[in-house]
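Next come the chains, spelled out residue by residue.
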Amino acid sequence: MSVLFGCGFFLNDRMRRQEFKDRLGREILVLDGAMGSMLQGHLAPGKAPEELNLLKPGIVQAVHENYVEAGADIIITNTLGGSRIKLDEFHLGHLVHDINFQAVKIARLAAGDRVLVACSVGPSGKFLEPLGRLTFDEALENFYEQAQALTEAAPDLIILETMSDIREARAALIAVREVFPGPVIALMTFADGFNTVTGTDAATAVTVYQALGADVIGANCSTGPEEILNVLTVMAEQTDLPLCVEPNAGIPFFKRGKTVYPASPEYMADYAEKFARLGVNIIGGCCGTTPGHIRRIAGRIKPLKPVFRSIPRQTRLASRDRTVTIQDGKPTIIIGERINPTGRKKLAAELAAGQTDLLRQEAVRQVKAGAQILDINVGAPGVDEVEMMGKAVEFVQRAVSVPLSLDSSNPSVLEAGLKEIEGKALINSVTGEEKSLRSILPLAKKYGAAVIGLTLDEGGVPATAQERLKIARRILKRALREGIAKEDIFIDTLTLAVSTDPTMGQETLKALRLVKGKLGVKTVLGVSNISFGLPQRSLINVQFLGMALSHGLDVPILNPYDERIQGTLTGSDVLLGRDLGATNFISRFGNLEFKEKSVPAEKNEKPVDKRLFDAILYGDKNSIENLVKEALDGGKSPISLNQEVLIPALNEVGRRYDAKEYFLPQVILSAEAMQLAFSLIKEHLDFVESRSKGRIVFATVKGDVHDIGKNIVIAVLESYGYPVIDLGKNVETGRIVQVAMARRAQLIGLSALMTTTMMEMGNVVKLVQKKKCPARVMVGGAVVTPRFARQIGAHGYAKDAMEAVKVVKELIG
Ligand code: THG
């Protein structure tokens, strides 16, 4: 009803979110346990569990009722795989609305008056670009549609579960936040106690989810409670938001033909208590947890009081796998300014031609030189800025793992960049102009970015510090009103060229001190602007940098290659109490090797071998063709190119993966670049057989509805050049073998992630033998061990995607 009363609707929903938060301050809430495994017995192979919402609602309701009876305070709808892309796998895409709407109705019947209904939203099962083919807009649309159907049925909460790709998680939360006005719980799934399978760490999950307006943050599924406790410990140090956890019932193992989740109700309750004492506010279970577990958990934690966690809000930005905290008393964090075509003809020409080689080099080199954030400005004549900003963000993110500052005053350009962002970006910038405030602040809010406010307005840059303070105050007020957190608002009091007006530098510094003192926000300055039009600019820049830091500058934008700048920064940190014990200073300058460590001059063009090696290492497909041509033209033979550059590059990728410096996204991109390079020289290697690699059939076995792991393995194998036929999940044994024979597959890859489905792999092997199917069988998945693989007679076992590549190579060459 409240929908009819525009503004009232809004107020009520704000209150709902606040009320929920207040309740979490008073009591710890119990979530339910597994849904998927409870439904398994009722699920025909090849069918989606969500279809039961329409076909057998009574069974779904009975599961809910069991959890309500066991003491759950919140039950979760049977909609984890309820988005269109996911349902399309089962040809149910046309039923998105009904499946989701009914799911809420069913849960509501079981919930009664006491229990809350939360709607599960899970991954689409497809990878976003550049890993897969899904665009960010398609992902957004996918989640909008599901969130809309759920919202129509008026649930109490929405809960994002099992997200492992931060960019997809971003799309899901943005969509849900736009459509659903109530409280949202946002969880991610971690492959171990530290990172998701695509590399995102627990702190970064918090940074991103919090910026996007999640009400509660946490983790689900993953492994057992022990490792997930590690994840929640990190999260509890990062945020004062309420936390939520749903661990699996331990790490499953195989016993007498069955997969067993080892954790007893008592064991889970012990961990529930540990989570509660850590400060977690909502506790339930994922795979393998039953009403019996939930009953014991509820009995243990309901008597406990929530732990109040007082965590000061910090300014945080993030890349996919790193959070950068801008904090008083810590070494100065700098934004590298070099990705900016102003005054740089070569970079401007490259951008105009859609080339990315120089862009990548600038990114890598700046980060090596110590830039912890990179500014990206693509404004140059002849450049389609909207298109180029998206592309630049994508490419810089492939090359380096630092947060980005998107430098444009044009909202469309900024939005194109924000869609590509894999973490939490900084918008550079909004001004005090009405038009700017109105178009750019909502972007910061929607895409969960921090924002820099420039102290200028319709009247231009004010001459005096007082007037700049006034504009800063106005920007701050408007940003807060938009719902942007204060710690996410930066003010730039504007550096102008001192050569045109000698008072300018001083006014900027005065304004800096005022803004810092009166508003208490973080400050930014484009330091190098000061010296435009003067010789020996670096001399002016370092003086100004030192002065600005002493006037309250937090984050300078500058040229990180400049040795003098580096010296000034390190020295200032000592003087400003940002380098206690002068530890950094001494480690950097306390020996005579400093000169050698300084950044090489740009004129030292790297040899083409090295550039090609880097292009593969950083997965930069765009520049491969030119580089291969340059190398061949330069007299390098295709054989030595392959042996001395391509293969060593891929080996380095493997090394980085093993050392956890690289995660799957980088591996896939590098493998694709390698493939392209190889295809280009293959023509010259006429003695190399050009027969394609062996065909592979891949499936998640009957009864098992998990396919995240399988999809990752397929993506990696394909990127290594193996053609894969993906049969999907919950696939009948007969069908797997039939397709393998019909398509003359050389290898069958099988995945099982949970419960009783592992045994099915044994049945596939038996059928392969019986039918005399020549394909080799490789198995894997969370529950599978090498020993089990041997027991059932599989030819190979791989613990993860990279190992799968090795095993496939061994088995079929
Ligand atoms: N505030 C905020 N953002 C900003 C600025 C600011 N972004 C852009 C700019 N100012 C900061 N970035 C630069 C980038 C390059 C230069 C100065 C500031 C520069 N470039 C040389 C030139 O134009 O002559 C080129 C050097 C070369 O040829 O390599 O000086 O104030 N929020």
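Each remark here, short or long, concerns the structure printed above.
The structure displayed is predicted, hence computed values, not measured ones.

## Digging into the overall build of the protein
Check the secondary structure of the protein and you find 32 helices and 25 strands. Rg of the C-alpha trace for the protein: 28 Å, near the compact-globule value of 28 Å for 813 residues, within the 12% margin. Projecting the C-alpha coordinates of the protein onto the three principal axes gives extents of approximately 85 × 75 × 50 Å. The burial tally for the protein puts 60% of its 813 residues in the buried class. Taking the contacts inside the protein whose residues are at least 6 apart along the sequence as the reference set, 75% of them involve residues at least 24 apart. Accessible area for the protein stands at about 32,700 Å²; split by element, carbon and sulfur atoms hold 54% of it.

## Some thoughts on the packing of helix α29 (residues 733-742) against helix α30 (residues 759-770)
As a packed pair, α29 and α30 sit with axes 9 Å apart at the nearest point and diverge in direction by 40 degrees. It follows that α29 is oblique to α30 by the angle criterion. Remark: the crossing between α29 and α30 carries right-handed chirality. On α30, the residues that touch T733, G734, I736 and V737 of α29 are E760, N763, V764, L767 and V768. Across the contact of α29 with α30, the residue classes break down as five nonpolar, three polar and one charged.

## Considerations on the packing of aromatic side chains
Both the distance between ring centres and the angle between the ring planes are used here to describe each pair of aromatic rings. Enumeration according to the criterion identifies one aromatic pair in this entry. Ring geometry for Y267 versus Y271: centroids 5.2 Å apart, planes at 55 degrees, classification tilted. Here Y267 and its partner Y271 are both found in helix α11 (residues 265-278), four residues apart, which amounts to about one turn of the helix. By relative accessible area, Y267 is classed as partly exposed at 33%. Directly above the aromatic system of Y271 lies the positively charged group of K274, at a separation of 4.3 Å from the ring centroid. We note R365 situated over the ring of Y561; from NZ or CZ to the ring centre the distance is 3.8 Å.

Conventions adopted
- Sequence order as written defines the numbering, with residues in each chain counted from 1.
- A pLDDT threshold of at least 70 governs which residues receive local features in this predicted model, and a stricter bar of 80 or more applies before side-chain atom pairs are shown or counted, although totals over entire chains, interfaces and linings include all residues.
- In computing side-chain properties, one takes all heavy atoms of the structure into account and sets aside hydrogens as well as water.
- Under the DSSP-based scheme used, a helix requires at least four consecutive residues in state H or I and a strand at least two consecutive residues in state E, with every element numbered from the N terminus.
- We compute the radius of gyration from the C-alpha atoms alone; for a globule the expected value is 2.2 Å times N to the 0.38, where N is the number of residues.
- Exposed residues in this analysis have more than 50% of their type's maximum accessible area, buried residues have under 20%, and partly exposed residues fall in between, with area computed by a 1.4 Å probe over protein chains only.
- A contact between two residues is defined here by any heavy atoms of the two lying within 4.5 Å.
- Each accessible area value is a Shrake-Rupley result obtained with a 1.4 Å probe; residue values ignore everything except the protein chains displayed when judging cover.
- Convention adopted: a line fitted to C-alpha atoms gives each axis, helices being fitted over their contacting stretch, and angles between N-to-C directions are expressed from 0 to 180 degrees.
- Any angle between 65 and 115 degrees counts as roughly perpendicular, while under 35 counts as roughly parallel, over 145 as roughly antiparallel, and the rest as oblique.
- The hand of a helix crossing depends on one turn: near helix anticlockwise from the far one by less than a right angle means left-handed, and clockwise means right-handed.
- Three classes are used, and their members are as follows: Ala, Val, Leu, Ile, Met, Phe, Trp, Tyr, Cys and Pro are nonpolar, Asp, Glu, Lys and Arg are charged, and the others, Gly among them, are polar.
- Planes of paired rings set the category: under 30 degrees apart is stacked, over 60 is edge-to-face and the rest tilted, where pairs are Phe, Tyr or Trp rings (Trp by its six-membered ring) whose centres lie within 6.5 Å.
- For a Lys NZ or an Arg CZ to count as sitting over a ring, it must be within 6 Å of the ring centre and within 35 degrees of the ring normal.

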